[in-house]
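# Summary of structural features
Spelled out from the first residue to the last, the chains are:
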Amino acid sequence: MRELKFLLQKEFKQIFRNKGLLPLIFVVPFVQLLILPLAADYEVKNINISIVDQDHSSYSQHLISKITSSGYFKLAGYAPTFNEGFKQIENGQADLILEIPTGFERNLIRENQQKLFIAINAINGVKAGLGGNYLSQIISDYNSDIRVQWIRPGRFKEAPTIQLVSSNWFNPFMNYNYFMVPGILVVLVTMVGSYMCALNIVKEKEAGTIEQINVTPIKKYQFVLGKLIPFWIIGMMVFTIGLFIVARLVYGIVPVGSVLLLYGYLAIYLIALLGLGLLISTFAETQQQAMSVAYFFIMIFMLMSGLFTPLDGMPQWAYVIAKINPVTYFIDVVRMIILKGSDFSDLVYHFTIMTGFALVLNGLAIWNYRKTS
Amino acid sequence: MKQFLSFVKKEFFHVFRDKKSLLMLFGMPIVQILLFGFALTNEIKNAKIVICDYSNDAATQQIINKLEASKSFEVQRVVSDHFQIENSFKSGDIKLVIIFPENFNRDLLHLNSAQVQIIADASDPNAANTLTGYATNIIRSYQQELRSNSSAPIQIVPEVRMLYNPQLKGATNFVPGVMALVLMLVCVLMTSVSIVREKERGTMEVLLVSPINPVLVIIAKAIPYLLLSVINLVVIILMSVTLLDMPVNGNIVLLFVESILFIITALALGLLISNSVESQQSAMLISMMGMLVPTMLFTGFMFPIENMPVALQLISNIIPAKWYYIIVKSIMIKGLGLASVWKETLILTIMAAVILVISFKKFKIRLE
Amino acid sequence: MKLNKDNPKSLSAANSQLSVEREEVIKTDKLTKRFGDFVATNQVTFEVYAGEIFGFLGANGAGKTTAMKMLCGLSKPSSGNATIAGFDIYKQTEQIKKNIGYMSQKFSLYDDLTIVENIQFFGGIYGLSDQQLKTKSNELIETLGLQNEANKLVNSLPLGWKQKLAFSVAVLHEPRIVFLDEPTGGVDPITRRQFWDLIYQAAEKGITIFVTTHYMDEAEYCNRISMMVDGEIKALDTPANLKQKYAVSSMDEVFYELARGAKRAVS
Amino acid sequence: MADVVLNNIVKTYNKGEVKAVNDVSFEVRKGELFGLIGADGAGKTSIFRILTTLLLPDSGTAYVDGCDVVKDYKTIRKKVGYMPGKFSLYQDLSVEENLHFFATVFDTTVAENYDLIKDIYVQLEPFKTRRAGKLSGGMKQKLALCCALIHRPNVLFLDEPTTGVDVVSRKEFWEMLKGLKQQGITILVSTPYMDEATLCERIALIQSGSMMMIDTPDQIIKKFPDKLYAVKANNMIRLQTELRNNSQIKSCYSFGDYHHITMENEQLTIDNLRASLQNEGLYNLEVKEITPTIEDCFMSLMNR
């Protein structure tokens, strides 16, 4: 164990003396944590609407003002014809066209029914779907208003109405940051952990100092532990700063659930990750190779973890990939504990899986380490 | 000219003899376009929901049947016990709970009004919004069916047309973005190490002492990657069309010309990085870490740029991928011509020219 | 022990008579290393005696570094046997590592640690006690005259000093054998001689020195020399005997005679 | 006529913190084989890089083949051949490909100047399809020389071409340089190996960025200030200790199987020395006066 003490001393000195690495560990993550949530907001709002009003009646005016005051839509402009409106869609100024045909007001009263034409740029399907929904809802509300104006109550049998009451739990104000910040924090810890750890070992390979270590009586496990422990501690530190300083002070996120539980999971997660870093370092001969491999993994980890896009929309095979991605689980757990206050009994499955990851990744790393030396 | 050709030939040797990089050059885009083209989507399918039915009558049964039939939902269970809801949310597998109160059908028939409660797990606000929207739609459509029986007066019927992507597929939006992302990263990454590698290996010293024009050195470096990127582009477009069912509504030649313009911009950026750094490692670090996040964020395919704070919106303008993304969407999906994308094209051209000039200027004719 | 410091000629004479009594700290038997079809080291058999300064010479690509790496336990032989300090090269690598020191061609201390930190680190992982570490590092810094530089990063030292420091660190734990791979390349002539003074001091303490070099005058400082050509040992004797055998006046010429026939152009 | 001229060249790094070249001036005549002798970090590479227009000097002027290294760098680059210290060929290109590439870079062909490199290239020819990275040290160095020569330069700069190369390959390399000199090419070569100094016509001894002496090897040896003796005994280590402890011995360095000594004031006679050493129990003593080597001169200059 005395040897381990010396190894750890050495690692910490080296890490804290590396002026290029320190900002990568302690500054870049937090800058990202500050900028990413600002940018990564895909709540559907500000839908640009172009209106083709061929009726120019008080009804159409009323409908338009109802739409523009709804908060969802931004008036991109009026177009004289549908084709003009379509051009606005083509050049990206509008997402949606509403055409109010001539005689809308007159025909509505006279014929009891009138059509409105809506065309939506559906390249972004989700935005289009929601936009269509919002607009239909506004129109339907407007419809009821008119009906009330014209028809005295009780004169006809009112249509059955289902009132929808929706409530949003755990994040009632639908604050997007609450969702993103914990997830991004996970990605940052992941990068620092796996990436820095892999690079660090490969650096010793490249510099040739690993040969010097290999002729000393140091045991493999001591060397490996000497590399893992510092990055485990650094991972913990980065997470702590991110959670208690950035998330709490900047975004006002206070974990609902047990912080202890969160750290328990983090501890296991870091072991799994460092195992991955170690595994990469056993394959790579140069820092460059380690970087490309780590980069490839991190890119997939990030995009297929449910951080930005929901896992539920993925095809089966992609879902399987997401399920063998350790980041997926930690993001899930972080959100569950911080936002929902889930407790250990809710997380048994996650704990089991992550322990499995830790065992498999470290096992593979050690097995391959032996093979290569 | 002979000098230049011999240079280009040498660069091709470098590229083709480095099997690992070659694998990365071709493998990465294919894997990424497949992976992300299929997997990245904001759609939600098979979301697990719980229905809490206290009424258990004909109406609720019909609505539940409709919910079950939707591909968006997977009705996990129908319970008549409010108690477990919170636990279901906390254990993480349930995204939405729909509660029908007692006497739902009776209220609906006799009072003409009944209530449904929808509770969403808003820890993911986006999913919550989308799923609430889906559920609302389904319930509304049931309501419409009821109404069509009793003809109400003064009815406005909105007729909705979904342009370009009637099935609302996620790929339509994501594939052009992934194209921009992949081309950008591969081009920048490959070229960014190319010049600095010669600096590190010492061959640059010999080249500098030779009478060769530095501009030739730089351009020769980019040519093999330009060619390889065009091959990549063909593969990407073929895959998008055949596997991801992407349309090519516009002029394919125009699409290629624009893509080559974008590739040149990306290559120029890579060369600039390579000229500015001292080691392959920092070149890679900059091109991977420095390019990935901004390109992903500011291209606009994942996160709408109009939602961002003004400062970030301004930053997004200097990201070439943003402009390319608009161009690809316009040509591939909207089927537009150059007349509609000349502005974006001009911006990309200026970007490419400026970056190239800077990297020529940055090329050091001496060491240090 | 006293014998090996004697005149090389009488040494070799004594050698043949007393070989039974002399301890062999390195003994190899048909040690071979293949990389695919390429035989880097081909059936190498030799022994090094305790307290000797053993010069391991050869042309570029002759297989010296490969052989040395096998002896240090850095790479596994393809076939053949060897014992280092009495321990088997296959089974007892851990014991071997406790008994050897190694200084590679590439500078092998940590550039980003200070001189004292490097000494303490390597001393520490060889299991020296805190007390030992303190006295040893003070002693070492004093012998090398590095008092003013002790807390500077190793990075900032001139090459010659780095090499002297690396050697001192390699023998800090008083190993039985120390392996030196081209330790003096590019070092100025005075520092080069100071380096050899360090080697003699270590040899005097009974540490066996196993060294490769491209400087032929340094070959003369060795008790015995082996010459490797194309992966095989072509000659092994004292410098004086070798010069006599090839009827030349300098080691340069001995080397030239032997290496001229080398066929390997590729490494 | 001088082909390479340096006047008071100074070069510092890290904003003047590290002085790499300190007020260096020398001239190399046309067709001369000139050696820059010094250890790693003495400043040889910086001088070479200034002369090949790769670095700007802090102060001082330098000319190569009549051109200013700062102003006329483009002209110089057409006229010189340069072989940097680090192996600087394309490892992933074959021998042939490297040669052809460098030929076209200098706007010439291999055929045009083949006669110049023929003697060297024939040794490489059997391996011409082999990747440069797979060659042995000696072969790599020959290929690099070919590449530096392919455009028939007026001045050839070779920065430590023999470092880390074995004795046999080094000998061959110097033979090649002699051949090139006969073709009228001015050659500047640097080396840390003192024994190679005698193979140059004139040499500059350099230490810590400063010139210690510039002259022909013979003259430098003649300028050695003291008489030099070689001493040998049964126990060389004890001999050295004794010699160093003797206050009348000025310097004592081991040189292969002898120790080289100089004496303080020349008062100690050989016989006295022999006697005192015998008193210390050393036998088989051999003491003789010898002519110094360049290495002796270098060390004596270093101690000044």
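Look up: the structure comes first, before these words.
This section reports on the structure supplied with the text. (Residues numbered from 1 in each chain as written. Chains lettered and ligands numbered in written order. Predicted model: local features only at pLDDT ≥ 70, side-chain atom pairs only at ≥ 80, totals over all residues. Heavy atoms only, no water.)

Before going further, it helps to spend a moment on the interface of chain B and chain A. Listed by partner, the interface residues are 102 residues for chain B and 96 residues for chain A. For the pair chain B and chain A, the summed buried area comes to about 9700 Å², and 65% of that belongs to carbon and sulfur atoms. The three residues of chain B that bury the most area against chain A are K90, I154 and I156 of chain B, which together make up 8% of that side's buried surface. The interface formed by chain B and chain A includes three salt bridges. A salt bridge links K115 of chain A to E159 of chain B; the nearest nitrogen and oxygen atoms lie 3.1 Å apart. In this structure, the connection of chain B to chain A is made through 21 residue pairs in polar contact (both at pLDDT 80 or more). When residues of the side of chain B that touches chain A are assigned to their parent elements, the largest contribution, 15 residues, is made by helix α6 (residues 125-149) of chain B. Of the residues assigned to the side of chain B that touches chain A, the class counts are 58 nonpolar, 28 polar and 16 charged. Summarising the sheet, strand β4 (residues 113-121) of chain A and strand β5 (residues 155-163) of chain B pair through nine bridges and their orientation is parallel. Looking at β5 of chain B, one finds that I118 of chain A is bridged to V160 of chain B. (Contact = heavy atoms within 4.5 Å. Buried area = accessible area lost by both parts, 1.4 Å probe. Salt bridge = Lys/Arg side-chain N within 4 Å of Asp/Glu carboxyl O. Polar contact = N/O pair within 3.5 Å; in protein donor to acceptor, adjacent residues only side chain to side chain. Helix = DSSP H or I, 4+ residues; strand = E, 2+ residues; numbered from the N terminus. Nonpolar A, V, L, I, M, F, W, Y, C, P; charged D, E, K, R; others polar. Pairing = 2+ DSSP bridges.)

Right, let's get into the arrangement of the chains. Where the four pairs of chains in contact are concerned, the greatest contact count is recorded for chains A and B. As for chain C relative to chain B, no contact occurs, and the smallest C-alpha gap between them is 17 Å. Chain A makes no contact with chain D; the smallest distance between any of their C-alpha atoms is 17 Å.

Residue and element names in this part refer to chain D. Strand order in this open sheet of six strands is β6-β7-β8-β3-β9-β10, and the pairing throughout is mixed. The outermost strands of the open sheet, each flanked by one partner alone, are β6 (80-83) and β10 (210-215). Put simply, the sheet's adjacent strands are angled 15° from each other on average, direction ignored. Pairing geometry for strand β3 (residues 33-37) and strand β8 (residues 186-191), over five bridges, is parallel. Within the sheet, the bridge partner assigned to L33 lies in β8 and is I187. Packing against the sheet, helix α1 (residues 44-51) makes contact with β3, β6, β7 (155-158), β8, β9 (202-207) and β10, and its axis sits at approximately 155° to β8. Lying over the sheet, helix α10 (residues 294-302) contacts β3, β9 and β10, oriented at roughly 40° with respect to β9. (Axes fitted to C-alpha atoms, helices over the stretch in contact; angles between N-to-C directions.)

Throughout the structure, instances matching the rule amount to 42 aromatic pairs over all chains. The interplanar angle of 80° and the centroid separation of 5.3 Å between the aromatic rings of F100 of chain B and F104 of chain B together place this pair among those described as edge-to-face. Relative to F210 of chain C, the ring of F56 of chain C has its centre 4.8 Å away and its plane inclined at 40°; by these criteria the two rings are tilted. With a gap of 154 residues between them, F56 of chain C in strand β3 (residues 53-58) and F210 of chain C in strand β8 (residues 208-212) connect regions that are remote in the sequence. The ring of F255 of chain D carries R193 of chain C above its face, with NZ or CZ at 4.2 Å from the centroid. (Phe/Tyr/Trp six-rings, centres within 6.5 Å; stacked < 30°, edge-to-face > 60°. Lys NZ or Arg CZ within 6 Å of the ring centre and 35° of its normal.)

Bringing the packing of helix α12 (residues 287-303) of chain A against helix α11 (residues 280-298) of chain B into the picture now. For the pair α12 of chain A and α11 of chain B, interaxial distance at closest approach is 10 Å and the crossing angle is 10°. In terms of orientation, α12 of chain A lies roughly parallel with respect to α11 of chain B. Note on element contacts: α11 of chain B touches α12 of chain A through Q280, Q281, M284, L285, M288, M289, L292, V293 and M296 of chain B, opposite Q287, Q288, M291, S292, Y295, M299, M302 and L303 of chain A. Grouping the amino acids of the contact of α12 of chain A with α11 of chain B by side-chain chemistry returns 12 nonpolar, five polar and no charged. (Parallel < 35°, antiparallel > 145°, perpendicular 65-115°, else oblique.)

The next subject is the sheet that holds strand β7 (residues 177-181) of chain C. Residues and elements named next belong to chain C. The six strands lie next to each other as β6-β7-β8-β3-β9-β10, forming an open sheet whose pairing is mixed. Pairing within the sheet leaves two strands with one partner each, and these edge strands are β6 (100-103) and β10 (232-237). On average, each strand axis in the sheet is inclined to that of its neighbour by 15°, with strand direction left out of account. In this sheet, strand β9 (residues 224-229) lies alongside β3 in parallel orientation, the contact comprising five bridges.

By themselves, these observations are geometric and do not establish any function.
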